[in-house]
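An overview of the molecular structure
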Amino acid sequence: MEEGCVKLTARPATLADVRARYPDHTASFRAWVFELDGEPKGIVGIALYRPVSTLFSAFDEELRPHLPRPTVMRIVKKLQRLCERYPRPVVATAEPGEPAAPGLLRKLGFHLVD
């Protein structure tokens, strides 16, 4: 690997991964962690609450330049398929300070509501 290159990987999230970002999390989930050089830098998934499930994500700024990479896009596509097939409604809240949130949520098929 060239000097300065960062290895981006994705793997299924564990309960410890979810609790690291969301300590009060109580629902079941289906999620993935993004790592840079083996260190967790972001998480994305669906929290399986009843009757409505919630799409969630959180990432360190260090991951932002890597978000358009194929590794991330493959997981985003998996989430999109999960949302489309999920038997209950899935909701998401766009983070007010995140400029990319509305566009990504639209891409995933969500309708933005004010």
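Structural data are supplied above this passage.
This write-up is about the structure you can find in this document.

Regarding the overall build of the chain
- When helices and strands are counted, the chain shows three helices and five strands.
- Counting from the amino terminus, helix and strand elements in the chain follow one another as β-α-β-β-β-α-β-α.
- On C-alpha atoms alone, the chain measures out to a radius of gyration of 14 Å, which is about the 13 Å that the 2.2 N^0.38 rule sets for 114 residues.
- The principal-axis extent of the C-alpha atoms belonging to the chain is close to 50 × 30 × 25 Å.
- Put simply, the chain has 114 residues, and 34% of those count as buried.
- Sequence separation of at least 24 residues holds for 48% of the intrachain contacts in the chain that already meet a minimum separation of 6.
- Here the chain has roughly 7400 Å² of accessible surface; of this, 55% comes from carbon and sulfur atoms.

Examining the packing of aromatic side chains
- This structure, assessed with the given rule, holds one aromatic pair.
- Measuring from centroid to centroid gives 5.3 Å for Y22 and F56, while their planes differ by 80°, and the two rings are edge-to-face. Taken together, the residues span a long stretch of sequence, with Y22 in the loop between α1 (15–21) and β2 (28–36) and F56 in strand β4 (residues 53–59) at a distance of 34 residues.
- For Y22, a relative accessible area of 26% gives the class partly exposed.

A few points about the pairing of β4
- Here six bridges tie strand β3 (residues 39–48) to β4, and the two strands are oriented antiparallel to one another. Opposite A47, over in β4, you have T54 as the bridge partner.
- The turn linking β3 back onto β4 is made up of four residues.
- Following the chain from β4 across helix α2 (residues 70–85) to the adjacent parallel strand β5 (residues 90–91), one finds a crossover that is right-handed.

So, the layout of surface pockets
- In this model, the largest pocket occupies a volume close to 830 Å³.
- Looking at the lining of the largest pocket, the elements with two or more residues in it are β3, β4, α2 and α3 (101–107).
- Among the elements that make up the lining of the largest pocket, the one with the highest residue count is β4 (six residues).
- Among the residues forming the lining of the largest pocket, the class breakdown is 23 nonpolar, five polar and two charged.

About the criteria used
- Residues numbered from 1 in each chain as written.
- Predicted model: local features only at pLDDT ≥ 70, side-chain atom pairs only at ≥ 80, totals over all residues.
- Heavy atoms only, no water.
- Helix = DSSP H or I, 4+ residues; strand = E, 2+ residues; numbered from the N terminus.
- Rg over C-alpha atoms; globule rule 2.2 N^0.38 Å.
- Buried < 20%, exposed > 50% of the residue type's maximum accessible area, 1.4 Å probe, protein only.
- Contact = heavy atoms within 4.5 Å.
- Areas by Shrake-Rupley, 256 points an atom, 1.4 Å probe, with all protein chains shown as cover.
- Phe/Tyr/Trp six-rings, centres within 6.5 Å; stacked < 30°, edge-to-face > 60°.
- Pairing = 2+ DSSP bridges.
- Right-handed = clockwise from strand over helix to strand, strands pointing away.
- 1 Å grid on protein atoms, 1.4 Å probe; cavity = no way out; pocket = protein on both sides within 12 Å on 5 of 7 lines; lining within 4 Å.
- Points joined across faces, edges and corners; volume = space filled by probe spheres on them.
- Nonpolar A, V, L, I, M, F, W, Y, C, P; charged D, E, K, R; others polar.

The analysis is restricted to geometry; functional conclusions fall outside its scope.
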